[in-house]
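Residues per chain, in single letters:
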Amino acid sequence: MYISVNNGVTECEIRLVGTAHVSDDSIAYVENAIIEMDPELVAIELDKDRFISMLQNKKENVDLKAVIKQGKVGIFLIHSILANFQKNIGEQFGIKPGSEMKKATELAIQYQKPISLIDRPIGITLSRTVSKMSFKEKFRFLLGLLTEKNVELDEKAINEMVENAEDMILILKDISPSIYLTLVDERDKYMAKNIFEASKGKERILAVVGAGHLAGIKKYLKELESGHEIDIKELLEVKKNSNIMGKLVSIVILMIILYGFYSVSNNLEALKSLTFEWILINGVLSSLGVVLARGKLQTIIAAFLAAPITSLIPIIGAGYVAGLVELKFRDVAFEDISKMINTESFKELMSNQAMRVLLVAALANLGSTVGTLYFVPRFI
């Protein structure tokens, strides 16, 4: 796809190469485009961190103990699952950098062409996706992952993705407007702005992007040419949700629970009965979470013992204890963490040792929370 853009400095011819990721034909097409066009710059759908990792074959590492201690298990779980989803859907919709980006980089270096990294950092994209998804979308998203079926695509089917990319993107927009907004539309704007700025003072630019981004980038390049502005800072902003309300709710619940125990403190039999019920319900539900996550026996016992106590200490959750115990008794290697981040299927992700630890922590916490909430209406 060719597009001529007046950037206010020069009239620049921009060739947008839409690729179907993992396709050999796409890689060959990129090489032919560089040779035929002889561009002054090659823009590539990568960000700095992915670019460096790709060149160095660098494996990502995560300190699971720190994730658990900092109480970021839920966030990390969502990011891991969403990153896996982004990889899978990227293969289908042409919105994920693949092997042709590495080839484009190698060819640009070989032909001594300057490289411009135009994509938004993946961490920001995932964070904005999570924050914009409605509860209904998150439910549909998780349900889709749990029921997904792996489909093997042949080379012909992969190449046809380029021709039908626009139709496929519309399907994604219908499935989840929020995911479409952050994974596609916002990145179209971000990359178009970077291409537009990079084109100033140049006459020929080659941009290598996923086929699903072609129409959007072309649209926003034309808008930029006509004077419309795109705010890069806004596209990089990740709003931090205030946790003040959550803390207030936790304090109120704790006060209700403590008052409930205090209200029967003058009746020894009632206090014994209530305490037993508190320990049983909190412990059983938390340990059930560990069972559902297929945790170790030691962790099941630890969750049962910890939940009734941690439910009364807002700064420490049952998941904190369960996660650390599971990490101690489960053999998690560096390769497990790397595979968790780079896995190719949801089924593989769920069987990963590192992911198992995170699931244990998350579900132990959930079980304990449900057990605590069970008592609130009774005490009220």
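As the structure is a computational prediction, the values presented were derived from the model and not from experiment.

### Remarks on the side chain of Asp-47
Now for step 1: One can find Asp-47 in the loop between strand E3 (41-44) and helix H2 (48-56).
Now for step 2: At 2.3 Å, the side chain of Asp-47 and the side chain of Arg-50 are in polar contact.
Now for step 3: Apart from residues lying up to four places away in sequence, Asp-47 is in contact with Leu-117, Asp-119, Arg-120, Pro-121 and Ile-122.

### Considerations on the pairing of E3
Looking down a regular strand, the side chains alternate between one sheet face and the other.
Now for step 1: Alternating residues of E3 divide into Leu-41 and Ala-43 and Val-42 and Ile-44, and every residue in both groups is buried.
Now for step 2: Relative to strand E4 (residues 115-117), E3 runs parallel, the two being bridged by three bridges. Each bridged residue has a counterpart across the sheet, and for Ala-43 the counterpart in E4 is Ser-116.

### Overview of the packing of aromatic side chains
Now for step 1: Evaluated as defined, the whole model comprises two aromatic pairs.
Now for step 2: Note on Trp-278 and Phe-375: the rings are 5.2 Å apart at their centroids and 55 degrees apart in plane angle, and the pair reads as tilted. With Trp-278 in helix H14 (residues 268-292) and Phe-375 in helix H19 (residues 353-379), the pair connects residues that are 97 residues apart, well separated along the chain. Across the pair, Phe-375 and Trp-278 agree in class, each one buried.
Now for step 3: On the basis of an interplanar angle of 90 degrees and a centroid distance of 5.2 Å, the ring pair of Tyr-374 and Phe-375 is categorised as edge-to-face.
Now for step 4: With relative accessibility at 41%, the residue Tyr-374 sits in the partly exposed group.
Now for step 5: By relative accessible area, which is 0% here, Phe-375 ends up buried.

### Side note on the packing of helix H6 (residues 122-132) against helix H10 (residues 177-198)
Now for step 1: Contact geometry of H6 with H10 gives a least axis separation of 8 Å together with a crossing angle of 145 degrees. Every pair of crossing elements has a handedness; the one defined by H6 and H10 is right-handed. Of H10, the residues touching H6 (which contributes Thr-125, Arg-128, Thr-129 and Lys-132) are Ser-178, Ile-179, Leu-181, Thr-182, Leu-183, Glu-186 and Arg-187.
Now for step 2: By residue class, the composition of the contact of H6 with H10 is three nonpolar, four polar and four charged.

### What about a nonpolar patch on the surface?
Now for step 1: Residues Leu-258, Ile-309, Leu-312, Ile-313 and Ile-315 make up a contiguous nonpolar surface patch of roughly 470 Å² in combined accessible area.
Now for step 2: Among the secondary structure elements, Ile-315 is positioned in the loop between helix H15 (297-310) and helix H16 (318-329).

### Considering the sheet that holds strand E1 (residues 2-6)
Now for step 1: The strand order across the open sheet formed by five strands is E1-E2-E5-E3-E4, and the pairing between neighbours is mixed. Edge positions in the sheet fall to E1 and E4, since each has one partner strand and no second. The mean angle between the axes of side-by-side strands here comes to 25 degrees, regardless of whether they run parallel or antiparallel.
Now for step 2: Bridge count for strand E2 (residues 11-19) against strand E5 (residues 204-210) is seven bridges, and the pairing is parallel. For Leu-16, the partnering residue across the bridge sits in E5 and is Ala-207.
Now for step 3: Contacting E1, E2, E3, E4 and E5, H10 crosses the sheet at an angle of about 165 degrees to E5.
Now for step 4: Each of E1, E2 and E5 touches helix H11 (residues 214-225); the most contacted strand, E1, lies at about 20 degrees to it.

About the cut-offs
Residues numbered from 1 in each chain as written. Predicted model: local features only at pLDDT ≥ 70, side-chain atom pairs only at ≥ 80, totals over all residues. Heavy atoms only, no water. Helix = DSSP H or I, 4+ residues; strand = E, 2+ residues; numbered from the N terminus. Polar contact = N/O pair within 3.5 Å; in protein donor to acceptor, adjacent residues only side chain to side chain. Contact = heavy atoms within 4.5 Å. Buried < 20%, exposed > 50% of the residue type's maximum accessible area, 1.4 Å probe, protein only. Pairing = 2+ DSSP bridges. Phe/Tyr/Trp six-rings, centres within 6.5 Å; stacked < 30°, edge-to-face > 60°. Axes fitted to C-alpha atoms, helices over the stretch in contact; angles between N-to-C directions. Left-handed = near helix turned anticlockwise from the far one by under 90°. Nonpolar A, V, L, I, M, F, W, Y, C, P; charged D, E, K, R; others polar. Patch = residues over 30% accessible without salt bridge, like charges linked within 9 Å, V, L, I, M, F, W, Y side chains within 5 Å. Areas by Shrake-Rupley, 256 points an atom, 1.4 Å probe, with all protein chains shown as cover. Salt bridge = Lys/Arg side-chain N within 4 Å of Asp/Glu carboxyl O.

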